[in-house]
Amino acid sequence: MFDWKPSAVVAIAPCPGAPLFAVGYECGSLELWDMLQLVCTQTVAGPSLELTSLAWARDSVSNTWRTFAAFLDGTIAEVLWRQASVAHSLDSYGGVVWALAAAPVACVRPGFAHVLAAACDDGSVRLFGCEGGEPGLVAERVLARLEGRLLCAAWHAGGTALAVAGTSGNIHVLDAMSGREQLRITASPSATRAVTVWRLLSLPDGTLVSGDSDGAVQMWDGRFGTQLARFNQHRADVLALAATEDGSAVFAAGVDSRVAQFARVAGSAPGQPDGWAYTHYKRPHTHDVRALALLAMPGVGRGERAERGERGGGGSGGNANAVLLSGGVDAQLMAYPAQTFLQEHPHRLSKCPQRPACQATSARGAAGAGVAAHAARLMVAQHDTIDVWQLAEAADAAASVSAAVAAARHHHQTGPRGGAAAQPASSSAAQLPPPGHVAEGEPLELLSAPRHLARIRTKGARVAAAAMSPSGGFVAAATPAGARAYAIEGGAVSRLRLAPAAEEAAAIGVAATDSHVVLALPDGGLLACSLPDGAVAARAQPRAAGPAAAASAGPQWTADDCAWRNHCPPAASLVASADGSLLAAVGCAGISLHKLPSLEPHGRVLKAEGGLAFTAAAFSRDGRLLAATTSSCALLVWDTSDCRQLAWCADNADAATAAISRLPGAPTAISFCPSAAAPAAAPAAAATAPSATAPPAPSYRLVVNSPGGLVHFDLGRPLDGTAHLDAAASSRRHARGRLRPEQRQAAAEDRPESRGGNGRVIRTLHPAVWVGHLGASDLLLLEKPWEEVLADLPPPLLTHVYGS
């Protein structure tokens, strides 16, 4: 159904002023993660170039943090998170920039530019300034021209010196003002063979740490250049280094996929210098580790807006809450507690990294849309390709279950090899459902195989967002080069010409109905074009949120738990109702509703408590309900008529959160069951009760999807929260115990009596890429074994040889 190929993690850059970190992938795309919520808050498609390095710089005018990325073509560009674009590109004139290093903030004088040092392919060290209020970087000067390629750079001695190294095997310490070489260190232990220094690190006490192609991690005295320690714990090249804020621990990783820790050891006698010791390593990655970074977390709890000079609470609070981040060729992002690196296991941030964008339609065509009815369709978009599939029709649910029950009864009666059953059939068959009984979660038989209808390529421009109309007749895509729309009739694909305002717009999000396509513009506005003629139907300006407009360039949120909003656009993603009447724009300020096709604001802006980010949103099939999930696994449902939250959410908040929390990862998608519409008397009842205390009609059912499975909710029935809480406690007990798998009790969601229960959790063995309804009793689950994904990635550079 899809070819899922994630790209390698090349660079990880923590934000010095907030609990955020940027991730750069080899394909050129970027992600911004919030460590407090453990969720990706923004994704930028980026150019079709390989990314080499990332760095953050501080704007002296707006007092904000800006991100800069270097690419393989020798350019340095600014990452505009709020516009979801990479702009203001600048040529380095020194070839490929293999490393970007930002000067320490403490050494930047007020009113002056924040300087970034670039280690270039031609051996030059070039300085670029981040001028306050000016876009992009400004080239200042060439600091020095050295031998060989420069691959790494690190600011040394409080920002007054700069240490660089590369293929020559020498570490050069340069004066940051004059460029004069203060110190040269030979990293190779042999004079006849030079090594390649891949990474450099400068500790607060002046110690230099290097990782080279021999797999050695070496500590050097930054004043005299003498070697303090040398460790050969790695069996191949060391590609990444990281250290704690106080320099008490150093972490190294590379080609052998080990993440090793080296700790500072106090001297044996008073007056003797401190030494270094190797502690141990962890190996959560299957391929080469190419990026390491240490993120200092806030020292205060969530929601506390305490006044403090530096993030981390001062003292040792920053180190106590610091998080080590690693990424590599296997596209996995791992987080380790730096203080308890050896005592705790790492946490995988995403089970489905860079998953494809998927959307499915129901089997029936849209009435009155001029499109003939056809089978259900599936759209899968990734990289620069959009695939459209015609899904197979599923057999009747009752017939499928009856056949499965009959086969099971025959198996129990005749035995596994056709002989007599080893035990009475009544004891086993008594647990089977009666013939004709449909149990929730049973697999359905297919009457035919899926058929590939079309493949659409965007000609080099990466797809940032894609959407398909409810009838499956139109597909729209948003790319950095502009928006595009296509009409699909049978197996034929024809491109629709949109208005120039839409064709040339670098849209962030896109939503499609059977008559219109809506684009989310970089400035926060919305643009609607009619289909199939492509004329502009309506425009909408950025909607204000609170006292300040959401599109303001200045910082609006200063608390650590709301810092992600400063880098998130007002309309990051769009969701349209199936009937084409409403549009939901999800962004930094919350969810804003608009009427279609006029794009007039509808109701108030919907927000989540505690400044949390919305991870998924969906309308019911009749457009009367809007459901959304947050990064804390909370489920919120609003009535779109008055924008009030349903009483069901407040009554079942803890139980719903506990059910979704049973799945690994944050929720990624919501799908409403396309059941029969609510009775005609329901709108009148809602009008007479503005508080929306009455529960919705029993026909409203939805499924919440996460990378680890799905949860089913019936909004007409209450949830039983005790089952989820007991299951969570039982799983913790089993994790601490030493029971064999056959001795452990089945979890609450895995027991036969849990089938059909409200809030049932269905976990998947493989990563669940997407889950959505195809009909009133059909649910489509797209999953792929992670082993198959790893098989398509480049093989590890270091493999174990038998006998070595």
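Under the annotation held in an unreviewed UniProt entry, the protein chain carries the name Anaphase-promoting complex subunit 4 WD40 domain-containing protein and is attributed to Chlamydomonas schloesseri.

## A few points about the overall build of the protein chain
A tally of helices and strands in the protein chain yields nine helices and 56 strands. Counting all 804 residues of the protein chain, 54% fall into the buried class. When contacts within the protein chain are restricted to residue pairs at least 6 apart in sequence, those whose partners lie at least 24 apart make up 54%. Summing over all exposed atoms, the protein chain offers an accessible surface of approximately 34000 Å²; the carbon and sulfur share of this is 53%.

## A few points about the packing of aromatic side chains
Counted by the stated rule, this structure contains eight aromatic pairs. Ring centres of Phe-614 and Trp-638 lie 6.2 Å apart, and the angle between their planes is 70 degrees; this geometry places the pair in the edge-to-face category. Residue Phe-614 is located in strand β47 (residues 614–619), and its partner Trp-638 is located in strand β49 (residues 635–639); the two are separated by 24 residues in the primary sequence. For the residue pair Phe-614 and Trp-638, the accessibility class agrees, reading buried in each case. For the cation-ring pair, Arg-109 lies above Phe-112, with the distance from its terminal atom to the ring centre recorded as 4.0 Å. Lying across the ring of Tyr-281, Arg-258 places its NZ or CZ 4.3 Å from the centre.

## Structural notes on the side chain of Ser-362
Note on placement: Ser-362 falls in the loop between β29 (357–360) and β30 (377–382). What Ser-362 contacts, discounting residues up to four positions off in sequence, is Ala-375, Ala-376, Pro-470, Arg-621 and Leu-774.

## Details of the side chain of Arg-258
Its location among the elements puts Arg-258 in the loop between β22 (249–254) and β23 (259–265). Buried within the structure, Arg-258 lacks any salt-bridge partner; its nearest side chain of opposite charge belongs to Asp-256, at an N-O separation of 4.2 Å. Engagement of the side chain of Arg-258 in a polar contact is seen with the backbone oxygen of Gln-233, the distance being 3.1 Å. In this structure, Arg-258 is in contact with Gln-233, His-234, Arg-235, Ala-252, Ala-253, Tyr-281, Lys-282 and Arg-283, ignoring residues within four places of it in sequence.

## A short note on the sheet that holds strand β28 (residues 347–348)
Reading across from one edge, β25-β26-β27-β28 is the order of the four strands in this open sheet, with antiparallel pairing throughout. The strands lining the two open edges of the sheet, one partner per strand, are β25 (289–295) and β28. Inspection of the sheet shows strand β26 (residues 323–328) paired to strand β27 (residues 333–337) by five bridges, in the antiparallel sense. If you follow Val-323 over to β27, its bridge partner there is Pro-337.

## Things to note about the nonpolar core
Of all hydrophobic cores here, the largest spans 27 residues; its most connected members are Leu-20, Leu-30, Leu-51, Leu-54, Trp-56, Ala-69 and Trp-81. Those elements that provide at least two residues to this core are β1 (9–14), β2 (20–25), β3 (30–34), β5 (51–58), β6 (65–71) and β7 (75–80).

## Remarks on the pairing of strand β15 (residues 170–175)
Among the six residues that make up β15, six are buried, leaving the element largely enclosed by the rest of the structure. Judged by which residues are buried, β15 turns out to be covered on both faces: Asn-170, His-172 and Leu-174 on one side and Ile-171, Val-173 and Asp-175 on the other are all buried. Where strand β14 (residues 161–166) meets β15, five bridges bridge the pair, whose relative direction is antiparallel. For Ala-161, the partnering residue across the bridge sits in β15 and is Asp-175. Between β14 and β15, which follow one another and run antiparallel, lie three residues, and Gly-169 among them has a positive phi close to 85 degrees. One ladder, built from five bridges, connects β15 with strand β16 (residues 181–186); its direction is antiparallel. Along β16, the bridge assignment pairs His-172 with Arg-184. Between β15 and β16, which follow one another and run antiparallel, lie five residues, and Gly-179 among them has a positive phi close to 80 degrees.

## With respect to the pairing of β23
The buried count for β23 comes to five of seven residues, which makes it a mostly enclosed element. Sheet topology note: the β22/β23 ladder contains five bridges and is antiparallel. In the sheet register, Phe-251 faces β23, and the bridge partner there is Gln-261. Hairpin remark: β22 followed by β23, antiparallel, with four residues in the connecting loop; positive phi at Ser-257, about 65 degrees. Direction of pairing for β23 relative to strand β24 (residues 275–282): antiparallel, over a ladder of seven bridges. The residue bridging Ala-263 from the neighbouring strand is Ala-277, located in β24.

So, how was this worked out
Residues numbered from 1 in each chain as written. Predicted model: local features only at pLDDT ≥ 70, side-chain atom pairs only at ≥ 80, totals over all residues. Heavy atoms only, no water. Helix = DSSP H or I, 4+ residues; strand = E, 2+ residues; numbered from the N terminus. Buried < 20%, exposed > 50% of the residue type's maximum accessible area, 1.4 Å probe, protein only. Contact = heavy atoms within 4.5 Å. Areas by Shrake-Rupley, 256 points an atom, 1.4 Å probe, with all protein chains shown as cover. Phe/Tyr/Trp six-rings, centres within 6.5 Å; stacked < 30°, edge-to-face > 60°. Lys NZ or Arg CZ within 6 Å of the ring centre and 35° of its normal. Lys, Arg positive; Asp, Glu negative; His and termini not counted. Salt bridge = Lys/Arg side-chain N within 4 Å of Asp/Glu carboxyl O. Polar contact = N/O pair within 3.5 Å; in protein donor to acceptor, adjacent residues only side chain to side chain. Pairing = 2+ DSSP bridges. Core = buried A, V, L, I, M, F, W, Y, C linked by side-chain atoms within 4.5 Å.

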